[in-house]
Amino acid sequence: MAARQLGSALLRRIASYGQTTSGGSAVRTFSAGSSKGNELLEGMEHATGLEKAEKDGFSKGINIFTEGEAWLQAPFGTPEKPVVVTSAFTERIVGVTDPEDDSIVVWDFIRQGEPPKQIIENGEYFVLKQVDNHDDHFKPHTWTGLDS
Amino acid sequence: MSSSTLQRHPFHLVDPSPWPLLGAFAALCTTFGAVMWMHAYQNGGLLFSFGFLSLLYTMAVWWRDVTKEATYEGHHTKAVQTGLRWGMILFIVSEIMFFFAFFWAFFHSSVAPAIEIGGIWPPKGIEVLSPWEVPLLNTLILLLSGASVTWAHHAILCGEKQQAIISLIVTIVLAIIFTGLQGLEYVEAPFSISDGVYGCTFFLATGFHGFHVFIGTCFLTVCLFRQHFGHFTPSHHFGFEAAAWYWHFVDVVWLFLFVSIYWWGGQ
C-alpha cells in the first residue's frame with residue numbers, strides 16, 4: 001500500500017513536471033535582472049570569482065574581457081595625429097586588422113621615441129606614450145562595473 | 001575585486017599541481033606491477049595494488065581540485081567550459097575508437113569464419129546466450145536509464161533540485177541492476193573467455209562495456225552528491241552534462257553490442 005502511494009506520488013510529480021517546465025521557462029532563461037528569476041538568481045549568487053564577474057557583466061550586456069578597449073574607440077590615426085598608445089613600459093605590441101582578411105590581425109611593436117608608425121599599408125599611425133602610473137596604464141581598459 | 005587587477009582573459013591558467021606526477025608514477029607502478037603479477041614475479045601483486053590504489057587516489061584528489069576550481073573559486077568561465085566540452089568530446093571520440101577496435105575484431109572473426117572454428121559463426125560447439133532474455137532486458141534498462149538521465153538534466157535546467165536527485169538515483173539504480181544482471185549472465189554463460197575466438201571477442205567487448213558502465217555509474221554518483229550539495233545551477237552544470245554524455249555513449253555502445261554480438265552474432 002505504501003509502495004502504491006509512493007508510486008502515485010511520484011507519478012503526480014512527473015505529471016506536474018511538464019507544467020512546471022513550460023510555465024517556468026520564461027523566468028529561467030539566462031537574463032539576469034528579472035525579479036522573478038529566483039532559480040537564476042540562485043545561480044548568480046552561487047557563482048564566484050571570475051565566473052561571477054563574467055556573469056555580472058553578461059547581465060549588463062557587457063563582455064568584461066573586451067569591454068572598454070581603447071583601440072575600439074580611438075579616432076583614425078594619421079601621421080599628424082597618431083593614435084597614442086599608453087604603456088608602463090617603453091614598448092607595446094599593437095595589432096591591426098588586415099583589411100583584406102578581417103580574421104587576420106597584424107601585430108607590431110610601437111616603441112617610445114619613434115616617429116608615428118604605420119603597421120599596414122594605408123593603415124593607422126601609432127606612437128607610444130610611456131606612463132608612470134600603472135593605474136593610468138590600465139585606464140583605457142577599465143570597466144568600473146567590477147569595482148567593489 | 002578591483003578592475004585594475006581583474007584578469008583580462010577568460011581562460012584558466014591552472015596552479016602547479018602534484019597530481020600529474022603522482023598519476024604518472026601510479027600508472028607506471030600499475031603497469032609494471034600488472035606485468036610482474038601476470039608473470040608470477042615476487043611482490044608483483046603488491047606493486048600492482050599499490051599502483052592501482054595510488055591511481056584511484058590521484059583521480060579522486062585531482063577531480064576534487066577541478067570541482068573546487070569550478071564551484072568555489074569561479075575559474076570556469078564560459079570559455080573554460082567550452083574547453084572542457086571539447087575535452088570531453090575528444091575523450092568520447094577516443095572511446096569510440098577503442099570500441100571500434102573490438103567490433104573490428106568481432107566482425108573480422110565472424111563475417112568470414114576460419115576453418116579452425118568450423119567455417120561457421122557462432123563457432124562449432126559454442127552454445128550462445130539468447131539475446132531475447134537477459135540481454136533484451138538489459139537493453140530496456142539502459143534505454144530507460146538514458147531517459148532518466150535526461151529527466152535529471154531537465155530538472156537541473158529548471159532548478160528542480162529534488163527531481164534532479166530522484167532522477168539521478170533512478171539512473172544509478174538502473175545502472176546497478178544492469179551491472180548485476182550482466183554479472184549473473186557472465187556466471188551462467190556456457191562459454192568462457194578462453195573458449196576460442198567467440199569467447200574472446202564476446203567477453204572483451206562486453207567486459208569493457210561493463211567496465212564503462214561501472215565508470216559511468218561512479219561518474220553519475222559523484223554528480224548525485226554534487227547535486228545534493230548544490231553545486232549545479234541551471235546555467236552551469238557541465239560536470240553533470242559530461243556524465244550524461246558519457247552515459248549516452250555507453251548506452252549507444254550497448255545497442256551496437258546487442259545488435260551485433262548478441263543478436264546477429266548469435267544466430
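Residues numbered from 1 in each chain as written. Chains lettered and ligands numbered in written order. Predicted model: local features only at pLDDT ≥ 70, side-chain atom pairs only at ≥ 80, totals over all residues. Heavy atoms only, no water.

**So, the overall build of chain A**
Defined as follows: The way it works is that DSSP assigns letters per residue, a run of H or I at least four long becomes a helix, a run of E at least two long becomes a strand, and they are numbered from the N terminus. When accessible area is computed with a 1.4 Å probe and restricted to protein chains, residues below 20% of their type maximum are described as buried, those above 50% as exposed, and intermediate ones as partly exposed. Pairs of residues are marked as contacts when any of their non-hydrogen atoms sit within 4.5 Å.
Looking only at helices and strands, one finds five helices and five strands in chain A. Reading chain A from its N end, one meets helices and strands in the order α-α-α-α-β-β-β-β-β-α. The 148 residues of chain A split such that 29% are buried. Once local pairs closer than 6 in sequence are excluded, the contacts in chain A between residues at least 24 apart make up 45%.

**Describing the packing of aromatic side chains**
Residues and elements named next belong to chain B. We apply this condition: Here a Phe, Tyr or Trp ring, Trp counted by its six-membered ring, pairs with any other such ring whose centre lies within 6.5 Å, and the pair is stacked when the planes are under 30 degrees apart, edge-to-face when over 60, and tilted otherwise.
A full pass over the atoms with the stated rule returns 33 aromatic pairs over all chains. When the ring of Phe99 is compared with that of Phe249, the centres are 6.0 Å apart and the planes differ by 65 degrees; the resulting orientation is edge-to-face. You can see Phe99 sitting in helix H3 (residues 78-111) and its partner Phe249 sitting in helix H7 (residues 238-263), a full 150 residues away along the chain. Residue classification places Phe99 among the buried residues on the basis of a relative accessible area of 2%. Among the residues examined, Phe249 registers a relative accessible area of 8% and is labelled buried.

**Remarks on the packing of helix H6 (residues 196-228) of chain B against H7(B)**
Residue and element names in this part refer to chain B. Definition in use: Every axis in this analysis is a line fitted to C-alpha atoms, fitted for helices over the stretch in contact. Angles between the N-to-C directions lie between 0 and 180 degrees. Any angle that falls under 35 degrees is termed roughly parallel, while one over 145 is termed roughly antiparallel, one within 65 to 115 roughly perpendicular, and all others oblique. Crossing handedness follows the turn of the near helix against the far one: under a right angle anticlockwise gives a left-handed crossing, and clockwise gives a right-handed one.
One can describe the packing of H6 onto H7 by two numbers: an axis separation of 9 Å at closest approach and a directional angle of 160 degrees. By the criterion of interaxial angle, the relationship of H6 to H7 is roughly antiparallel. Considering only the axes of H6 and H7, their crossing is left-handed.

**As for the UniProt feature "transmembrane region" (unreviewed entry) in chain B**
Residue and element names in this part refer to chain B. This is how it is decided: UniProt positions are given in the numbering used here, feature names are shortened, and annotations may be inferred rather than shown by experiment.
UniProt marks residues 21-40, 46-63, 84-107, 134-152, 164-184, 196-225 and 245-265 with the feature "transmembrane region" (unreviewed entry), using the numbering shown here. Structurally, residues 84-107 comprises 100% helix and 0% strand, and the distance from its first C-alpha atom to its last is 34 Å. Counting secondary structure, residues 245-265 comes out at 90% helix and 0% strand; the distance between its end C-alpha atoms is 28 Å.

**Examining helix H2 (residues 44-72) of chain B**
Residues and elements named next belong to chain B. Operational definition: Here a helix's expected span is defined as the number of its residues, less one, multiplied by 1.5 Å.
Relative to the 42 Å expected for 29 residues at 1.5 Å per residue, H2 spans 41 Å between its end C-alpha atoms, a close match to the ideal helical length. Taken together, the buried positions of H2 are occupied by Gly44, Gly51, Ser54, Thr58, Val61, Asp65, Thr67, Glu69, Ala70 and Thr71. Gly74, located one to two residues past H2, shows a positive phi value of around 65 degrees.

**Some points on the pattern of salt bridges**
As a working rule, side chains carrying opposite charge can pair if their charged atoms are close by. Residue and element names in this part refer to chain B. Condition: A carboxyl oxygen of Asp or Glu within 4 Å of a side-chain nitrogen of Lys or Arg is what we treat as a salt bridge.
Applying the stated criterion across every chain yields a total of five salt bridges over all chains. Taking the shortest distance from any N to any O, the salt bridge between Arg64 and Asp65 comes out at 3.1 Å. By relative accessible area, Arg64 is classed as partly exposed at 39%. For Asp65, a relative accessible area of 19% gives the class buried.

**Description of unusual backbone geometry**
Pro122(B) follows Trp121(B) through a cis peptide bond whose omega is 0 degrees. Relative to the helices and strands, Pro122(B) is located in the loop between H3 and helix H4 (134-157). Despite not being glycine, Asn122(A) has its phi angle at roughly 65 degrees, a positive value. Here Asn122(A) is to be found in the loop between strand S4 (117-118) and strand S5 (125-130). For Asn122(A), a relative accessible area of 68% puts it in the exposed group. The phi dihedral of Asn43(B) is positive, around 65 degrees, even though this residue is not glycine. Relative to the helices and strands, Asn43(B) resides in the loop between helix H1 (19-38) and H2. A relative accessible area of 52% places Asn43(B) in the exposed class.

**Regarding the UniProt feature "domain: Heme-copper oxidase subunit III family profile" (unreviewed entry) in chain B**
Mapped onto the present numbering, the UniProt feature "domain: Heme-copper oxidase subunit III family profile" (unreviewed entry) falls at residues 7-266 of chain B. Taken end to end, residues 7-266 of chain B comprises 75% helix and 0% strand; its first and last C-alpha atoms sit 60 Å apart.

**A short note on the domain arrangement of chain B**
Residues and elements named next belong to chain B. The criterion, for reference: By convention here, the domain bounds are inherited from an automatic or database domain assignment. Two parts placed together each lose some accessible area under a 1.4 Å probe, and adding up what both lose gives the buried area. For the purposes of these results, a polar contact is taken to be a pair of N or O atoms within 3.5 Å, where, inside protein, one atom must be able to donate a hydrogen and its partner to accept one; residues adjacent in sequence count only when each atom of the pair is a side-chain atom. Polarity classes work like this: nonpolar for Ala, Val, Leu, Ile, Met, Phe, Trp, Tyr, Cys and Pro, charged for Asp, Glu, Lys and Arg, and polar for all others, with Gly in that last group.
Each assigned domain of chain B is listed with its residue range as follows: domain 1 (14-75) and domain 2 (77-263). Here domain 1 and domain 2 have C-alpha centroids that lie 24 Å from each other. Across the boundary between the two partners, domain 1 contributes four residues, which contact four residues of domain 2. Buried area between domain 1 and domain 2, summed over both chains or domains, comes out near 400 Å², and the portion from carbon and sulfur atoms is 50%. Of all residues in domain 1, the largest losses of buried area upon contact with domain 2 belong to Thr67, Thr71 and His75, amounting jointly to 67% of the total for that side. Across the contact surface, domain 1 and domain 2 share zero salt bridges. Viewed at the interface, domain 2 and domain 1 are joined by three residue pairs in polar contact (both at pLDDT 80 or more). Broken down by class, the residue content of the side of domain 1 that touches domain 2 amounts to one nonpolar, three polar and no charged.

**Quick look at the sheet that holds strand S1 (residues 83-87) of chain A**
Residue and element names in this part refer to chain A. For the record, the criterion: Strands are treated as partners if at least two bridges between them are detected by DSSP.
Here three strands make up an open sheet; going across it, the order is S1-S5-S4 and the pairing mixed. Looking at which strands have only one partner, the edges of the open sheet turn out to be S1 and S4. Examined bridge by bridge, S4 and S5 share two bridges and lie antiparallel to one another. Along S5, the bridge assignment pairs Gln118 with Tyr125.

**A word on the side chain of Asp251(B)**
Turning to its location among the elements, Asp251(B) is positioned in helix H7. With near-sequence residues (within four places) excluded, Asp251(B) lies in contact with Leu142(B), Leu143(B) and Gly146(B).

**Looking at the environment of Phe202(B)**
Residue and element names in this part refer to chain B. Here Phe202 lies in helix H6. Overall, Phe202 belongs to the buried group, its relative accessible area being 1%. If sequence neighbours within four positions are ignored, Phe202 has contacts with Leu129, Tyr186, Phe191, Gly207, Ile261 and Tyr262.

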